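Structural overview
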Amino acid sequence: MTYTIEVNSPEETEAFAIKLAEKLEPGDILTLEGGLGAGKTTFTKGLAKGLGIKKMVNSPTFTILKQYSGNLELNHFDVYRLEHSDEDIGFDELFASEAVSVVEWAQFIEEYLPGERLEITIERLSEESRSIRLQAVGHRYETLCKELMP
């Protein structure tokens, strides 16, 4: 099932991500799609805040993976550079960990993704407004979305 929320500022994007983070559990997998400037990093910063991470979060574009510690661990992937690669950096092990994983540009590693996950797409509607679409894949994420939405 698909759920959509509209936000009207970066602060609202972050607040929604904090709310989501408060419902996440160890091992949860989120994919994050959206064009450049859509708000993926803003969203991930909100998730990090909601997970109790104090360290500054930024996009791991050149490192592919950044890991953070908080109330829950966070694996933040940006796999854009793996588009034409068959490189496996240990995705199975990382996804099986107790960390929450956020994967930007997940379509490039589709074969490594777990079957159940929360697929998030952020679409830019205007300079400030965004549409955030949640696609629940699996019972756990369907339940999470129902709890999250008003």
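Quick caveat: nothing in here was measured; it's all calculated off a predicted structure.

Model confidence for the chain is summarised by a mean pLDDT of 87, while 88% of its residues fall at 70 or above. By mean pLDDT, the top-scoring element of the chain is strand β7 (residues 130-137) (97), and the lowest-scoring one is helix α3 (residues 91-95) (70).

Taking 1.5 Å per residue as the helical rise, helix α1 (residues 10-21) with its 12 residues ought to reach 16 Å, and the 16 Å between its terminal C-alpha atoms agrees with that figure. For α1, every residue scored as buried is listed here: T13, E14, F16, A17, L20 and A21. Mapping the buried residues of α1 onto a view down its axis gives an arc of 160 degrees, with all of them on the same face. Elements that come into contact with the buried residues of α1 comprise β1 (2-7), β2 (29-33), α2 (40-50), β6 (117-124), β7 and α4 (139-148).

Moving on: the pattern of salt bridges. All chains considered together, the criterion is met by 6 salt bridges. Put simply, K49 and E14 hold a salt bridge, and the shortest N to O gap is 2.7 Å. Of this pair, K49 sits in helix α2 while E14 is found in helix α1, placing the two residues 35 residues apart along the sequence. Three or more residues joined by partner-sharing salt bridges are found here, namely E25, D28 and R140.

Buried within α4 we find Y141, E142, L144, C145 and L148. Taken down its axis, α4 places every buried residue within 160 degrees of arc, on the same side. Along α4, exposed side chains directed more than 90 degrees from the buried face belong to H139 and K146. Considering only its buried residues, α4 is in contact with β1, α1, β2, β6 and β7.

The next thing to look at is the packing of aromatic side chains. Applying the stated criterion across every chain yields a total of 1 aromatic pair. A ring pair is formed by F16 and F43, whose centres lie 6.5 Å apart and whose planes are at 50 degrees; its orientation type is tilted. Of this pair, F16 sits in helix α1 while F43 sits in helix α2; the two residues are 27 residues apart in sequence, bridging distant segments of the chain. Neither F16 nor F43 differs from the other in exposure class; each is buried. In this structure, R140 packs its charged tip against the face of Y141, placed 5.8 Å from the ring centre.

The subject of this paragraph is unusual backbone geometry. Here the phi dihedral of W105 falls at roughly 65 degrees; this positive angle occurs in a residue that is not glycine. Looking at the secondary structure, you find W105 in the loop between β5 (100-104) and β6. Since its relative accessible area comes to 16%, W105 is described here as buried.

With that out of the way, let us pick up the environment of K19. One can find K19 in helix α1. Under the relative-accessibility criterion, K19 is labelled partly exposed at 37%.

Each value, and the rule that gives it
- Residues numbered from 1 in each chain as written.
- Predicted model: local features only at pLDDT ≥ 70, side-chain atom pairs only at ≥ 80, totals over all residues.
- Heavy atoms only, no water.
- pLDDT = per-residue confidence, 0-100.
- Helix = DSSP H or I, 4+ residues; strand = E, 2+ residues; numbered from the N terminus.
- Expected span 1.5 Å × (residues − 1).
- Buried < 20%, exposed > 50% of the residue type's maximum accessible area, 1.4 Å probe, protein only.
- Arc of directions from axis to C-beta.
- Contact = heavy atoms within 4.5 Å.
- Salt bridge = Lys/Arg side-chain N within 4 Å of Asp/Glu carboxyl O.
- Phe/Tyr/Trp six-rings, centres within 6.5 Å; stacked < 30°, edge-to-face > 60°.
- Lys NZ or Arg CZ within 6 Å of the ring centre and 35° of its normal.

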